[in-house]
Amino acid sequence: MTLNSKAPKGPIKDKWTNYKDKIDLVNPANKRNIDIIVVGTGLAGGSAAATLAELGYNVKAFAYQDSPRRAHSIAAQGGINAAKNYMGDGDSNYRLFYDTVKGGDYRSREANVYRLAEVSSNIIDQCVAQGVPFARDYGGLLDNRSFGGVLVSRTFYAKGQTGQQLLLGAYSAMNRQIARGKIDMYNRHEMLDVVKVDGKARGIIARNLITGELERHSAHAVVIATGGYGNVYFLSTNAMGSNATAAWKIHKKGAYFANPCYTQIHPTCIPRSGDYQSKLTLMSESLRNDGRIWVPAKIEDAKAVQQGKLKPNDIAESDRDYYLERRYPAFGNLVPRDVASRAAKERCDAGFGVNATGEAVYLDFAAAIERYGKEQAKIHSIENPSKAKIIDLGTKLIKEKYGNLFQMYEKIVDENPYVTPMMIYPATHYTMGGVWVDYNLMTTVEGLYCIGEANFSDHGANRLGASALMQGLADGYFVLPYTIGDYLSKEIRTGKIPTDTPEFDAVEKEVKGRIDFFIKNKGSKSVDYFHKKLGKVMWEKVGMARNEKGLKEAMAEIKAIREEFWKEVKVPGDANEMNLELEKAGRVADFLELGELFAKDALDRNESCGGHFREESVETDGLQKGEAKRNDKDYAYVSAWEYKGEPADAVLHKEELEFKDIELKQRSYK
């Protein structure tokens, strides 16, 4: 199959406008006769469901949580990007487009990224109209802050709760349509497979997670909006329920899976404290606006800190290594996430880590507190303020900006971050890879769409901070509602899709067989036992740094874990009831296949780019010494994998990337 991105021709600034002018539409009367299934109700799925229903389509929305309000989008903290240039610092659609492509290390599809930048401003207007309480400046205008990888302030935010507030906006829009009868909401339902009829996606098999009943649901099109696959690492910043089952099931039914090795390691997470942990906690990247990252400059100081003999505040300023400011003077602490993560790993690997395990660096707000305190003293006309007064004033301002994040840190670590620097370390966060989609957001299966983090389309090899919320809402509010009409315009005479067909029979039988296996299998090991084993292999051999030997070992080890899983997994309880272990078993089974394809993709891509760092591919001299070395001659393409049974047998299809509006060059933040 030839991959056709369907990206429009013409100047990049006109592509989306011209495209919308020419695509086929469905008139309002016909929309009433068309059904759409939306799986996942986070920002992408929730905004899509609400908008499609507003347009007049009949929508069935599915969430495995007890409410769309529980979607993992609610955990997003720092903000959402938009090129409004409210700060007057030179921002523009092109600048956001450029920063995103560069931040993704030139592994994005230009047309999709420019469209994302173009519609970003509309998102803010939409959300303000919904009542989202974005932060505002003294004059009442919307405020902005900066994020990593950019030289402007374009991030709109609501303290450290931006995802929550945006999700409530989408949820309120959904509720309006639920009340009108245009959305049928299925909470506590998990999609377990997609049903194809004559090559087109025509429905899903879902399990009622309370009763265990399998249900058939049909539609003229199916939209997958189920987020990323970061939990393939077991420990990640994702909610424990976040999974890849919907995306993986459609992959096995013909949807190509793109760039699985592109995963993001977030630099500012609370460090792991023991093997008992089930997840990790993110500290928003927005903290890097004011926090300075450092480790002791002397190895003896680092050892003393690790042994509990020295406190960070006891280390003199001259004995601290602000390594990001030293290595990347142009961007400092606001380098992109992949760069910051690798730099932290390098310092910790060299022995300069600052917790008992040696896997942490400091994020210090002392300088910001003093700077803001002096500024506030001047504003309040306080002459010759004492040191204590300056710290008090500065602390109050930091509390206004980041208070809930500091509170969360203190509850978890039991240290006051206003007084003692935070400890942070990189952790698995976002996945840039995902289901391959064209410009319409359609997969390689007709009528099957994929939006938000579940697809691969906009971030290349590394996502810039505050762009996840932007992409999710862009796809749901402003892209999919246009592009899906082009396909559905050919479906207006199709009529209702029946569910009593051989196609639905076969898929339901397949799903039931898998569930019955788990319940009846007489294994001796828990689901988590296998998930943790997988996560250990992934982190150690397919984590922040990868090499050929480790990746080949990972593929073999993951296959062995998978084979043991199908022999030894034990799932207590019954299929006809709420059974969390049964839910986990199906999800981990999918991770055990995805993990091997992940490693295969990383092995195939013998270059370093963005979050994919191959130890064999590093700059050895010059200004960029030690940085990732890209290979544009051989790898300027999207890796789209076709399912062929065993993950190791997946077939690679390449979408060659064209760069007509941005020059391909070495990425530098120095």
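Conventions used here
Residues numbered from 1 in each chain as written. Predicted model: local features only at pLDDT ≥ 70, side-chain atom pairs only at ≥ 80, totals over all residues. Heavy atoms only, no water. Helix = DSSP H or I, 4+ residues; strand = E, 2+ residues; numbered from the N terminus. Rg over C-alpha atoms; globule rule 2.2 N^0.38 Å. Buried < 20%, exposed > 50% of the residue type's maximum accessible area, 1.4 Å probe, protein only. Contact = heavy atoms within 4.5 Å. Lys, Arg positive; Asp, Glu negative; His and termini not counted. Charge placed at Lys NZ, Arg CZ, Asp CG, Glu CD. Pairing = 2+ DSSP bridges. Axes fitted to C-alpha atoms, helices over the stretch in contact; angles between N-to-C directions. Phe/Tyr/Trp six-rings, centres within 6.5 Å; stacked < 30°, edge-to-face > 60°. Lys NZ or Arg CZ within 6 Å of the ring centre and 35° of its normal. Salt bridge = Lys/Arg side-chain N within 4 Å of Asp/Glu carboxyl O. Polar contact = N/O pair within 3.5 Å; in protein donor to acceptor, adjacent residues only side chain to side chain. Parallel < 35°, antiparallel > 145°, perpendicular 65-115°, else oblique. Left-handed = near helix turned anticlockwise from the far one by under 90°.

Caption draft 1: Structural detail: the overall build of the protein. When you go through the protein residue by residue, the secondary structure sums to 18 helices and 19 strands. Against the compact-globule benchmark of 26 Å for 670 residues, the protein has a radius of gyration of 25 Å, which places it among compact chains. Put simply, the protein has 670 residues, and 61% of those count as buried. In the protein, of all internal contacts separated by at least 6 residues, the share reaching a separation of at least 24 is 75%. A distance of 1 Å separates the average location of the 93 positive side-chain charges in the protein from that of its 90 negative side-chain charges.

Caption draft 2: Focus on the sheet that holds strand E15 (residues 422-431). Ordered in space as E11-E15-E14-E12-E13, the five strands form an open sheet in which the pairing is antiparallel. Two strands bound the open sheet, and with one partner strand each, they are strand E11 (263-269) and strand E13 (320-321). Against the sheet, helix H10 (residues 337-352) makes contact with E11, strand E12 (292-296), E13, strand E14 (361-364) and E15, and its axis sits at roughly 65° relative to E11, the strand it touches most.

Caption draft 3: Expanded view of the packing of aromatic side chains. Throughout the structure, instances matching the rule amount to 33 aromatic pairs. Residues Trp16 and Tyr482 carry aromatic rings whose centres are separated by 5.8 Å and whose planes lie at 85° to one another, so their mutual orientation is edge-to-face. Of the two residues, Trp16 sits in helix H1 (residues 15-22) while Tyr482 sits in helix H13 (residues 468-488), which places them 466 residues apart along the sequence. By relative accessible area, Trp16 is classed as buried at 2%. Between the aromatic rings of Phe518 and Trp566, the centroid separation amounts to 5.4 Å while the plane-to-plane angle is 15°, which identifies the pairing as stacked. Taken together, the residues Phe518 in helix H14 (residues 502-520) and Trp566 in helix H16 (residues 548-568) connect sequence positions 48 residues apart. Aromatic ring contacts, followed pair by pair, group Tyr229, Tyr233, Trp248, Phe257, Trp539 and Phe598 into a single cluster. Its guanidinium or amino end placed over the ring of Tyr439, Arg115 lies 4.0 Å from that ring's centre, counting from NZ or CZ.

Caption draft 4: The pairing of strand E8 (residues 214-218), seen in detail. Taking burial as the measure, the five residues of E8 include four buried ones, the bulk of the element. Where strand E7 (residues 200-208) folds back on E8, the antiparallel hairpin that results is connected by five residues, among which Gly212 adopts a positive phi of roughly 85°.

Caption draft 5: Examining the side chain of Glu215 more closely. Of note, Glu215 is situated in strand E8. Here Glu215 is buried and forms no salt bridge, its nearest opposite-charge partner Lys60 lying at an N-O distance of 7.7 Å. Separated by 3.1 Å, the side chains of Glu215 and His189 make a polar contact. Excluding residues within four positions of it along the chain, Glu215 makes contact with Tyr186, His189, Ile204, Ile205, Ala206 and Asn208.

Caption draft 6: Structural view of the pattern of salt bridges. Counting across every chain of the model gives 65 salt bridges. The shortest N-O distance in the salt bridge between Arg292 and Glu317 comes to 3.6 Å. Note that Arg292 is positioned in strand E12 and Glu317 in the loop between helix H8 (299-306) and E13, a separation of 25 residues in sequence. The exposure class of Arg292 is partly exposed, given its relative accessible area of 23%. Note on Glu317: relative accessible area 45%, which makes it partly exposed. As a salt-bridge pair, Glu642 and Lys644 come within 3.6 Å of each other at their nearest N and O atoms. A cluster of three or more residues bridged by salt bridges with shared partners is formed by Asp105, Arg107, Asp338, Arg342, Arg605, Glu607, Arg630, Asp632 and Arg667.

Caption draft 7: Structural context of the packing of helix H4 (residues 93-103) against helix H5 (residues 110-130). Their axes nearest at 8 Å, the elements H4 and H5 cross at an angle of 135°. With respect to their mutual orientation, H4 and H5 come out oblique. H5 is crossed by H4, and the crossing has right-handed handedness. In this structure, H4 uses Asn93, Tyr94, Leu96, Phe97, Thr100 and Val101 to contact H5, whose residues at the interface are Glu110, Val113, Tyr114, Ala117, Glu118 and Ser120.

Caption draft 8: View of the packing of helix H15 (residues 527-541) against helix H17 (residues 580-604). Packing of H15 against H17 leaves a shortest axis separation of 9 Å and a crossing angle of 25°. Classified by the interaxial angle, the pair formed by H15 and H17 is roughly parallel. Both H15 and H17 take part in a crossing whose hand is left-handed. Touching Val527, Asp528, His531, Leu534 and Met538 of H15 are Glu581, Lys584, Ala585, Val588, Phe591, Leu592, Gly595 and Phe598, all from H17.

Caption draft 9: The side chain of Arg115, seen in detail. Within the fold, Arg115 resides in helix H5. Buried charge without a partner: Arg115 forms no salt bridge, and the closest opposite charge is Asp475, 5.5 Å away. At 2.8 Å, the side chain of Arg115 and the backbone oxygen of Tyr439 are in polar contact. Those residues in contact with Arg115 that sit more than four places away from it in its chain are Trp16, Tyr439, Leu441, Val479 and Thr483.

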